[in-house]
Every structure is written in structure tokens, then in C-alpha cells.
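What follows is each chain in one-letter form.
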Amino acid sequence: MSDSETEIKMSSKPESKSQTEPVQKRLCSNLFLSIKVFVLCHSLLQLAQLMISGYLKSSISTIEKRFGLSSQTSGLLAAFNEVGNTTLIVFVSYFGSRVHRPRLIGLGAVLVALAGLLMSLPHFIAEPYRFDHVDLDLPQDSASSLCVLPTPPPALPTPPPALPTSPPALPTSPPALPTPPPVLTKPPSAVVVVSVGLKNRSNSSCALYSEARQVAVVGIMFLAQTLLGIGAVPIQPFGISYIDDFAHPSNSPLYLGILFAVTLIGPGLAYGLGSLMLRFYVDIDRMPEGGTSLTPKDPRWVGAWWLGFLVSAGAVTLTALPYFFFPREMPKEKQELSFRKHISPSLDDNGESSLNKQGTRNSPEKEKDGEAQIAPDLTVIQFIKIFPQVLLRNLRHPIFLLVVLAQVNMSSMVAGMATFLPKFLERQFSVTASFANLLIGSISIPAAIVGIMTGGILVHRLHLGPTRCAAVGITGGLICVVFGLPLFFMGCPTHPIANVYGPSSLLEKEDFLNCTQKCSCSKSDFNPVCDTWNRTEYLTPCQAGCTGMKGDPGAGQVSITYTNCRCLISGVKDSSVTSGSCESSCSHLLLPFILFISLGGAMGSITHTPSFMLILRGVKNEDKSLAVGMQFMLQRVLAWMPSPVIHGIAIDTACVFWADTCGTRSVCRYYDHTRLRHRFIGLQFFYKLGTLVCFTLVFIILRQQEKEAARSRSQHGSVSQEEKLILSSEKRSGESIV
């Protein structure tokens, strides 16, 4: 709504002083007629919305273990919210101010909160987590993983003495021999009766568990992610346009800066929330009697991933309530902030400089009507017809296309890192999921925020033109590539895993298999133990041939020691092993790794604002708002949707042992750490290199255009004073939009 319309509406009120004063008092006391209150509410809403969308990435490895998902499936799940978002984001450019924006933002936030509740639903409909095995007929305790050697049958009775010369009459039927006792394959507390009927019943219940419930659980999470993307569509675009419409023109950039600054905290809070919630056991609401023997360091530990979605959904619901009380249109802010008047004294009362006004009047771009433009009075059909023309026109512009490709590469790197960096740290450096999230939320995310702010300050303070913005992009991309090189070497190989991975000789493997066959170990069992003598890991104590145990399994913090282990590859008989996986030998490289990857992310984030400036200055004035929308759409389609899936596929190719859930492949238990590091970091390095190449091409094109413009000016003389004013006006209008 323009200033003139606001003045007309205000002048239509009764002129009686006694009647106007109460109305003015009510307007002043009504918080929902203040654009400052709207900025505050919208900052909190976007913070909560990004927290709920980022929380899934902080708990992705936990969800994989809980429901037996591969990294490819979990990557698709993390990217699926972009599907609903991308299909509807284009129409935001059309609807604009034609709808009740605050109310639509509130409805979208309610849908986001509903998606958060739906994400936690699989925990309540799924069976309790079984950390030892998936076979429902086996008991869940540490003793069930022990090796029980078969008991030899009792010896037959001694033969009778020699018969006398005249033997007595033989009985008609010989006496029945005593029946030998049954052979136990497990201790009495964990006897498993194997019969054909029970085996078939176990297979049927296992198939029901793995097929029907698995499909239902995964389907619910994909549906929730779709609703999350749809609900997030109106929040940011409508909020920004609402602030820009009703804030004072000089205050609007400040309000948007505050909005983005507060919003950037959301991902950091998401990882912090994940760090907190994953410290609790997943079934904290239905804990078995005596608690659980697992600790967060145990590879079978699954944290309370669902609690974070409930907390985030509650936060989104609370921040959505005020939007149902904001009006469709509010009185435009009349006063400029006091400190802004000292900063920009050249602006008039409406916040516009006389230079901008003159440039607007004389701009030849406004007089062109031959090309397809997005007008505010178009119908939906006309908008759909014209949109591809404007899209193709901008894509044919080399600067726009190359800058968008640079942003696609950078966004692909960020999407893959945000989704799978916690899991990479868990596997590579043997840290808990909680600690990995804490490192990312406290170091990597703040470093990226500092990088974005630094890029904005450089553009604003140095008044960078397009060529210098491209130079900043080259510098940031080059330093990001340099910081990425040492990451290839900061790690260590996978420790030996019996019969899975390691440099064992053929004779050792044969002796090991012959020994473990006597124990009749279950294939679905997973209770890793470590032989500290040679840092060899075994899938279960049964596989190590252990027949005894020490320690209190219910204490929760006491490490269990398995004794009398006969099948160790080291050859030491009757030795002992400790519960849990073997610790990584390169844990001391964790903090340097985080430091390098955070510094690289910060330098890559510096290119954020300069790339926006290149887009705004590289397209026509009438296409600027739509060009930004197309940029976000292309980033979603080409980066945020495929990148997590591509990273997940690369991670899955490094797996050396998959869990067997009822005869089907589920979650990966062990990775080749060297292959995992090279493929994950290599994929990140590829995207960084693509960003650097795109900014370099942009710089070359801009320098070539500058040389051609200089030759043209030397041939046709200097530019007139009026043209200088127009060019300066376009430059300043582009800066004000950013």
C-alpha cells in the first residue's frame, strides 16, 4: 500500500479531536499494528522453522540405526522437503500482496509444526528398540551373545561280564538303553528351542516386522518432510515483502538485516538441540526394568531423536500464533530510526534520494514494453505462460547463469556437509553423535555466519562493483579449496574386524571359522567387542568364542568384560575382550579437522553476498525480483535436492559390512574409513572447485566487457552527465535491494 493511499485512509476518519484521540491511543497500544513487532515475530518464526528443518540433519545417523536405513535413503529423506517447497515457490512471485500474507504465514507455520509432530510419530508406532538383534524370539541381554559349546553325549554303559557255560534264558526283549540328555546350545536363561514350526513362525513375524512396519515408518517420515516443505513456502517470501511494504524505506534494509542475522542462528540451535536430545536413550518413555546396559559410546546406542521434533514443533506453534492477529495491511511506518538519520542524511522524507528519483524517471528500462515482463495484474494462466520466457531470457545471460551455477556448487557442498558431516565424524574419529553435533553447532555454523557477514561488510564498505565482487568470489573459492586439501590426509584406516575387514591370513581365517562354527552364533546378533591386544574387533562375544562375562550389565556406565575367549585371531587362548568398538587411533586429529573444515566453510560463505550483487546487477531491472526467485528455485532443484542423495550414495559405496535384517540388507555396520574419507571429502572438493571455476569465468567475462566498454567510450567520447546519473542510480538501487 502506497503512502498516498495511507494518507487518504487516515484523512477519511472523523476530524473531531475527542473521537480521534481514543482511536490513536488504541492504534498506539495495539502491538499488531507495529512493523517492529512483526520483524521480531518473523525473526523468531524463521529461527524455529529452520531449527525444525535442520534438526533432521543432526539426527540422520541415529534414524538410520533405529530404522535400518541406508545413507542413500536417509539422504533422500533429508532432501524430500525441497520437493514440496520447489513445486509451490514459483507461485509466491505471482500471489505477492494479493492474499492475507500474515494469515498465510501463520497457516504455513502450523503446517510446519504438524510436520514436526508427524516426524516423531514413527517412534510411537514402532516396536521398542532391540539393540542386540532383530530376531523377536531371542532375549535381549548380554548373556545371549555368549558362545555355548555343545555338550558331548554321555558314554554308553560298560558291557556285561562273560556269560557262563549254561546261560540263562534270554529275555524276550532287551532292556532299553537310557536316553541321553538334550544338548543345549545356549545357557538355561537363554535357551532357544529350534523347531520347524517355531522357525517358520519367527520368519513370518520377522517378515511382518521388517516389511509392513518398515514401509509405514519410512512413508510417514517422507510425508512429514513433504508437508514441511509445503508449509515453509510462504514464510520467508511473504514475510520479507510484508516488511518491505510497510517499513520506512530507510529502515527496511536494517529490519531485513536483523531478520537474516537472527535466522542464521536456527541451524546452530538445531545441532545444539540434537546434541542434547541424543544423550537420552531412544526408549526413555518406555524404559525396560533395570534400565539399559548401553552407553552413548556404544555403537548400538540410539538417542531420543524424536524428542527434538516435539520441542521444535512446540516452538513453531508458539511463534505462529501472533500472525493470526496481524492485519492484511498496516499503516506504513512514517518515522526513520534516529541513528539512521545520521547515517544517511542525503535521503528525503520517504527514504529515497533525489538521484534515485531522477534515475527512475529517466531509466529507459521502464519504457520497454516489447519483452515479456511479470506485471502485477496478470492472471494465473498469463503468469504461467510468461514465466518460461523470463526464465529463458535470464538463463541466456552468461553472468546470471554462471553465478547461479557457482551458487549451486556451493549449496551442494553445504547440503552434503550439513546432512552427513555428523555421521562422518562419528565413523572417522569414534565420537558420539551428541559430541559431533555439538562441534558442528558451536564451531562450523558460527564460522559460516561470520563468513556471510564478512562478505556483506566487504561489499558495503568497499562499494564493490561487479568485477570486484567476482574477484571476492575467486578469492573465497580459492582459499576454500586450499583448506580442503589437508582433509584428504586427516584420518586413519579401519581397524581389523574379524571375518569382515583386515589383513588376516588365509590360515588364520580358516582356524577362526572352524572355531566359531562350534558356537553356533546367530547371524542377526550385533554386540561388538574389542581385543585390545591387537585392536581387532569382533561382531559378538560369541564370534570371539567367549563363554563368560564380568561386570554388571544393568549399571549403564560399567564396561562389560567377556572372558574365556577361545577364538581370537591373535592366538591367545582363554583371553578376555571388552564390550564396544575399538577406539580410533586418530582421535587427536578431530579438532584440527573441524578447524580446517570450518575455516573452509567460512571462506566459502564470504561469496554469498557478492554473488547476490552479481545477479542483481546482471539482469534487467524489471526481472530482478523474479531473478532472485529463480535463483532460489534452481538452487533447490540442482543442489539441495540431489546433493544429499549423491553424498549418501558415495557413503554407501564405502560400506564393508551390511546388517542383515530378516534376510534383507539394512543399515551399514562398518565402513572402509580411507575410502569413506576420500569419497566424502573428494565430493566436497569437487563442488568447491566448481565454484572457483564459475567465479573465474564470471571475472573473465566482466573484464572483457569492461575493455569493450572502454574502447566504445574512447570512440564515441565521454558519457553525458545524464547517463552517469542513470548508471549511478541503478548501482545504488541494486545495493539497497541487497
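Coordinates for the structure precede this section.
Rules and cut-offs
Residues numbered from 1 in each chain as written. Predicted model: local features only at pLDDT ≥ 70, side-chain atom pairs only at ≥ 80, totals over all residues. Heavy atoms only, no water. Helix = DSSP H or I, 4+ residues; strand = E, 2+ residues; numbered from the N terminus. Disulfide = S-S within 2.5 Å. Salt bridge = Lys/Arg side-chain N within 4 Å of Asp/Glu carboxyl O. Buried < 20%, exposed > 50% of the residue type's maximum accessible area, 1.4 Å probe, protein only. Core = buried A, V, L, I, M, F, W, Y, C linked by side-chain atoms within 4.5 Å. Domains from an automatic or database assignment. Contact = heavy atoms within 4.5 Å. Pairing = 2+ DSSP bridges. Axes fitted to C-alpha atoms, helices over the stretch in contact; angles between N-to-C directions. Parallel < 35°, antiparallel > 145°, perpendicular 65-115°, else oblique. Left-handed = near helix turned anticlockwise from the far one by under 90°. Nonpolar A, V, L, I, M, F, W, Y, C, P; charged D, E, K, R; others polar. Phe/Tyr/Trp six-rings, centres within 6.5 Å; stacked < 30°, edge-to-face > 60°. Lys NZ or Arg CZ within 6 Å of the ring centre and 35° of its normal.

1. Looking at the environment of A418
Residue position: A418 is located in helix α16 (residues 398-429). Sequence separation of A418 and K57 is 361 residues, and the distance between their C-alpha atoms is 6.4 Å.

2. Topic: the state of the cysteines
This structure, assessed with the given rule, holds seven disulfides. Across the disulfide, C147 is cross-linked to C519 (sulfur-sulfur distance 1.8 Å). Taking the torsion about the sulfur-sulfur bond, which here is approximately -75°, the covalent link between C147 and C519 counts as left-handed. Pair noted here: C147 is in the loop between α7 (101-125) and α8 (196-231) and C519 is in the loop between α19 (506-517) and β1 (529-531), with a separation of 372 residues, a long-range link.

3. Overview of the pattern of salt bridges
Following the criterion strictly, the structure yields seven salt bridges and no others. For D283, the salt bridge goes to R286, with nearest N and O atoms at 3.2 Å. Judged by relative accessible area, which is 2%, D283 ranks as buried. Classification of R286 as partly exposed rests on a relative accessible area of 27%. For R675, the salt bridge identified is with D672, shortest N-O distance 3.7 Å. In this structure R675 comes out as partly exposed when scored by relative accessible area, which is 32%.

4. Re the nonpolar core
By size, the foremost hydrophobic cluster in this structure holds 71 residues, and its most contacted members are L421, F424, L425, F593, L614 and V698. For this core, the element with the most residues is α16, which contributes 16 residues. For this core, the domains that each give at least three residues are domain 1 (24-129 + 206-335) and domain 2 (380-492 + 586-642 + 673-724). Contact partners of V698, with chain neighbours within four places excluded, come to I399, L402, V403, A470 and L614.

5. Quick look at the sheet that holds strand β5 (residues 575-579)
Spatial ordering of the open sheet is given by β2-β1-β5-β4-β3, a layout of five strands whose pairing is antiparallel. This sheet does not close on itself; its edge strands, each paired only once, are β2 (536-538) and β3 (548-550). When the angles between neighbouring strand axes are averaged without regard to direction, this sheet yields 35°. Two strands pair when backbone bridges link them, and strand β4 (residues 561-565) and β5 are joined in this way by three bridges, in the antiparallel orientation.

6. Quick notes on the packing of helix α23 (residues 642-652) against helix α24 (residues 673-716)
A pair of packed helices is characterised by two quantities: the angle between their axes and the separation of those axes. Across the interface, α23 lies against α24 with an axial gap of 9 Å and an inter-helix angle of 150°. Relative to α24, α23 is oriented roughly antiparallel. When you trace α23 past α24, the crossing you get is right-handed. Residues S643, I646, H647, A650 and I651 of α23 form the contact with α24, whose participating residues are L676, R679, F680, L683, Q684 and Y687. Partitioned by chemical class, the residues of the contact of α23 with α24 number seven nonpolar, three polar and one charged.

7. Points about the pairing of β4
The pairing of β3 with β4 spans three bridges and is classified as antiparallel. Bridging from a neighbouring strand, G548 pairs with T563 of β4.

8. Focus on the packing of aromatic side chains
Here the structure, examined in full by the defined rule, presents 22 aromatic pairs. Ring geometry for F38 and Y242: centres 4.5 Å apart, planes at 40°, overall tilted. Remark: Y242 occurs in helix α9 (residues 235-246) and F38 occurs in helix α3 (residues 35-58); sequence separation between them is 204 residues. Of the two residues, F38 and Y242, both sit in the buried class. Ring geometry for Y242 against F246: centres 4.9 Å apart, planes inclined by 65°, an arrangement best described as edge-to-face. Taken as a pair, Y242 and F246 lie in helix α9 at a separation of four residues, close to a single helical turn. When its relative accessible area of 0% is taken as the criterion, F246 is described as buried. Each residue in the set F32, F38, Y242, F246, Y323, F325 and F326 is aromatic and connected to the rest through ring pairs, giving one cluster. The ring of F526 carries R669 above its face, with NZ or CZ at 4.1 Å from the centroid.

9. Overview of the packing of α3 against α7
Here α3 crosses α7 at 25°, and the two axes come no closer than 11 Å. Considering their axes alone, α3 and α7 lie roughly parallel with respect to each other. As α3 runs across α7, the sense of the crossing is left-handed. Contacts between α3 and α7 involve F38, H42, L45, Q49, I52 and L56 from the former and P102, I105, A109, V112, G116 and M119 from the latter. Tallied by class, residues from the contact of α3 with α7 come to nine nonpolar, three polar and no charged.

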